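Residues per chain are reported as follows:
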Amino acid sequence: INMITTEHFLDRPYRIPNIEETKDLQAFIDYHEAKLLRAMFGTTLYNLFVAGIGAATPEQKWVDLRDGKVYSYNSTNYNFPGLIEVLKAYIYAKWLKENEDKVTNSGVMRNTVDKSEHVGGWERYVAAYNVFSSMAGNIDRQENTFYGFMYANWEDYVTNLSDWIFCYPHNDPEFENQLGI
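This report concerns the structure included in the present document.

Notes on helix H3 (residues 60-67)
- Every buried residue belonging to H3 is among Trp62, Val63, Asp64 and Leu65, and all of these are buried.
- Contact partners of the buried residues in H3: helix H1 (25-41), helix H2 (43-53), strand S1 (69-73), strand S2 (76-80), helix H4 (83-98) and helix H6 (146-157).
- Directly after H3, the chain includes glycine 68, whose backbone phi takes a positive value near 95 degrees.

This is the structure:
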């Protein structure tokens with residue numbers, strides 16, 4: 001559906017340098033956007049979302065998912081920032097993790113720069129992934145999250161709550177740390 005483009009990565013906090021030299025970034029974005037949305041929605045709801053948001057005039061419920069909306073849960077208002085924000089953090093984290101090194105004809109290499117020390121992007125990866133995780137949410141983290149928004153509004157998106165399966169691996173995008181545990 002291409003909600004996210006390279007334009008989303010021109011400024012901080014998700015700036016990817018030298019975008020103009022990166023030939024495969026949009027393909028990378030498209031792949032991870034579809035993969036994450038399928039995991040978060042499940043196949044049925046993913047297909048409904050793609051068709052709905054791709055319509056000439058999308059229904060407001062699909063726009064709310066894409067752009068975010070205030071929702072009420074247990075008589076308290078929360079703000080879901082929208083799938084674009086969730087996707088930006090996730091894709092940026094994946095880009096950092098997958099571009100730490102490069103596979104070449106000579107094997108796996110890490111770039112070096114004169115008068116600089118390579119420190120790796122692990123801290124930035126963890127920070128971006130944890131922003132994604134905090135916006136995605138889970139059964140225990142419903143405040144200001146995708147999960148909370150969907151749970152509070154499930155009747156707008158599915159006819160039976162069991163039709164929506166929060167399919168992210170292990171149903172919970174847990175936080176990460178620099179130790180990888």
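Some details on the pairing of S1
- For S1 and S2, the ladder comprises five bridges, and the chain directions are antiparallel. Across the sheet, residue serine 72 finds its bridge partner in S2, namely asparagine 77.
- Connecting S1 to the antiparallel partner S2 that follows it, the hairpin turn spans two residues, and asparagine 74 within it adopts a positive phi of roughly 50 degrees.

Some thoughts on the pattern of salt bridges
- Taken as a whole, this structure holds three salt bridges when the rule is applied.
- Residue aspartate 64 pairs with lysine 69 through a salt bridge whose shortest N-O separation is 3.5 Å.
- Judged by its relative accessible area of 10%, aspartate 64 is buried.
- By relative accessible area, lysine 69 is classed as partly exposed at 40%.
- For lysine 88, the salt bridge identified is with glutamate 85, shortest N-O distance 3.2 Å. Linking lysine 88 with glutamate 85, this pair stays in helix H4, spanning three residues, or about one helical turn.
- Exposure remark for lysine 88: the relative accessible area of 14% places this residue in the buried category.
- Under the relative-accessibility criterion, glutamate 85 is labelled partly exposed at 29%.

Cut-offs applied
- Residues numbered from 1 in each chain as written.
- Predicted model: local features only at pLDDT ≥ 70, side-chain atom pairs only at ≥ 80, totals over all residues.
- Heavy atoms only, no water.
- Buried < 20%, exposed > 50% of the residue type's maximum accessible area, 1.4 Å probe, protein only.
- Helix = DSSP H or I, 4+ residues; strand = E, 2+ residues; numbered from the N terminus.
- Contact = heavy atoms within 4.5 Å.
- Pairing = 2+ DSSP bridges.
- Salt bridge = Lys/Arg side-chain N within 4 Å of Asp/Glu carboxyl O.

In short, shape yes, function no, at least from these values alone.
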